[in-house]
Amino acid sequence: MQQPELPSAVMRWVRRGEIDLIEIDHPVGRGLVSRQGAQLLDWQATDQPPLIWLSPATRFEAGRPLRGGIPLCWPWFGPRPGLPAHGLVRQRNWRLEAASHDPEGCTLRWRLDSDPEQRALWPHDFELVLTMRLGLSIKLSLAMRVPNDIDEPVSFAFHSYLALPDVRTATVDGLSGSIRHDKLSNGAPTAQCGIFQPGKQCDSVFTDASGRYVLQRAPWPALRIEAENCPSAIVWTPGEQGAAAMADMADWSGMLCVETGAALADGLRLQAGQWHRVVTRIGVVEA
Ligand SMILES: O=P(O)(O)OC[C@H]1O[C@H](O)[C@H](O)[C@@H](O)[C@@H]1O
């Protein structure tokens, strides 16, 4: 598969286990990106605490989702009977289309097209282009297109594992006014009011959400998360018990997933032939 040359001063291909990775060492920050899933696995701006969390126990095995970073869930979010959880694209190898850098950071552009193996699981054609901008803050833009009408909504998430000192003291602001679907209690949806505290364990989808959140993670600086065309947010921490049941999860208290996307009734109705663009940005809140 033809890949563009990497600008060798700041990026190089490395291999860990069965996975090809791009290691980035730029004056503005350091990071790691996986070709499988076009998944940002790590990013830390210079002189800042880490932004992204990667499980120390993740397994670098082809076709197995990597635990941490920002996996992309598409064209569904969550489980689907008989099919892989969180869709079909986080476990596939994407094609790198472009890689560049400038004094403010790096840009990578990845592409994934439908193929027969995927069509056997989800019988639709698609094109996905994911552009990553990595600098003082990060920006992920996903453009999606289906050439033909599809008879079901598409759901997705930028499944961001965010690094913090201790999830038990973290809070998320900006969810007020959204509808909370608590997957743990499986109760009726409730209107979210005020600042959200995930506590020891949490798995909630918030629909009709604002797309603008602040994650407090004292004593580290808070993170601002801003999303475009992402009407849902998902907040997840497995807690001690949930983490113990997962083979690839270690140091679970050092992260909180604050994901942006479109899930449940927020799923997207894509217009055949038209590009639909969704964006998420994550960066430190300036004091
Ligand atoms: O283990 P995975 O398939 O990567 O899913 C990890 C988690 O992702 C999301 O945040 C879901 O809301 C959780 O229910 C799920 O457990």
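The structure under discussion appears in the preceding block.
This is a predicted model, so every value here is computed, not measured.

Reading guide: rules and limits
- Residues numbered from 1 in each chain as written.
- Predicted model: local features only at pLDDT ≥ 70, side-chain atom pairs only at ≥ 80, totals over all residues.
- Heavy atoms only, no water.
- Helix = DSSP H or I, 4+ residues; strand = E, 2+ residues; numbered from the N terminus.
- Rg over C-alpha atoms; globule rule 2.2 N^0.38 Å.
- Contact = heavy atoms within 4.5 Å.
- Areas by Shrake-Rupley, 256 points an atom, 1.4 Å probe, with all protein chains shown as cover.
- Lys, Arg positive; Asp, Glu negative; His and termini not counted.
- Charge placed at Lys NZ, Arg CZ, Asp CG, Glu CD.
- Near = heavy atom within 4 Å.
- Polar contact = N/O pair within 3.5 Å; in protein donor to acceptor, adjacent residues only side chain to side chain.
- Nonpolar A, V, L, I, M, F, W, Y, C, P; charged D, E, K, R; others polar.
- Core = buried A, V, L, I, M, F, W, Y, C linked by side-chain atoms within 4.5 Å.
- Buried < 20%, exposed > 50% of the residue type's maximum accessible area, 1.4 Å probe, protein only.
- Salt bridge = Lys/Arg side-chain N within 4 Å of Asp/Glu carboxyl O.
- Pairing = 2+ DSSP bridges.
- Axes fitted to C-alpha atoms, helices over the stretch in contact; angles between N-to-C directions.

**Details of the overall build of the chain**
No. 1: Assigned secondary structure in the chain consists of 2 helices and 20 strands.
No. 2: For 287 residues, the compact-globule formula gives about 19 Å, and the C-alpha radius of gyration of the chain, at 18 Å, lands near that figure.
No. 3: Referenced to the eigenvectors of the C-alpha coordinate spread, the extents of the chain come out at roughly 50 × 50 × 35 Å.
No. 4: A separation threshold of at least 6 residues defines the contact pool for the chain, and within that pool the share at least 24 residues apart is 64%.
No. 5: Surface summary for the chain: the accessible area is close to 12600 Å², and the carbon and sulfur share equals 47%.
No. 6: Seen as two clouds, the 28 positive and the 32 negative side-chain charges of the chain have centres 1 Å apart.

**What to know about the site of the ligand**
No. 1: Around the ligand sit R67, F77, A85, H86, R90, H159, K183, D203, I234, W236, M246 and E259, and that is every residue in its neighbourhood.
No. 2: One of the side-chain nitrogen or oxygen atoms of H86 is found 2.9 Å away from an oxygen atom of the ligand.
No. 3: Contacts to the ligand include K183, whose side-chain N or O atom sits 2.9 Å from an oxygen atom.
No. 4: Isolated, the ligand exposes 390 Å² of accessible area, and the fraction of that covered by the protein chains is 80%.
No. 5: Of the residues in the shell around the ligand, the class split is 5 nonpolar, 2 polar and 5 charged.

**Digging into the nonpolar core**
No. 1: Residues W74, W94, L108, L142, F158 and L215 are the most contacted members of the largest nonpolar core, which totals 76 residues.
No. 2: A per-element tally of this core places strand 19 (residues 255–262) first, with 5 residues.
No. 3: Those residues in contact with L142 that sit more than four places away from it in its chain are L72, W74, W94, L128, V129, L130, F158, H276, R277 and V278.

**Section: the pattern of salt bridges**
No. 1: Considering all chains together, one arrives at 20 salt bridges under this definition.
No. 2: Two residues, R133 and D102, come together in a salt bridge whose shortest N-O distance is 3.0 Å. Of the two residues, R133 sits in strand 8 (residues 127–134) while D102 sits in strand 6 (residues 95–102), which places them 31 residues apart along the sequence.
No. 3: Residue classification places R133 among the partly exposed positions, given a relative accessible area of 24%.
No. 4: Residue D102 is classed as partly exposed on the basis of its relative accessible area, which comes to 30%.

**Let's talk about the sheet that holds strand 2 (residues 19–26)**
No. 1: In spatial order, the strands read 1-2-3-4; together these 4 strands make up an open sheet with antiparallel pairing. Both outer strands of the open sheet, strand 1 (11–16) and strand 4 (39–45), are each paired with one neighbouring strand and no more. Direction aside, neighbouring strands of the sheet carry axes that sit 20 degrees apart on average.

**Here's the deal with the side chain of Q91**
No. 1: If you trace the backbone, Q91 turns up in the loop between strand 5 (72–73) and strand 6.
No. 2: In this structure the side chain of Q91 is engaged in a polar contact, spanning 3.5 Å, whose partner is the backbone oxygen of G87.

**Notes on the pairing of strand 9 (residues 138–145)**
No. 1: The buried fraction of strand 9 amounts to 6 of the 8 residues, a majority that puts the element mostly inside the structure.
No. 2: Both strand 8 and strand 9 contribute to a ladder of 8 bridges, which runs antiparallel. Bridge pairing in strand 9 places M132 opposite L140.
No. 3: In this antiparallel pair of consecutive strands, strand 8 and strand 9, the connection spans 3 residues.
No. 4: Bridging between strand 9 and strand 20 (residues 276–284) involves 7 bridges; their strand directions are antiparallel. Counted as the bridge partner of M144 is H276 from strand 20.

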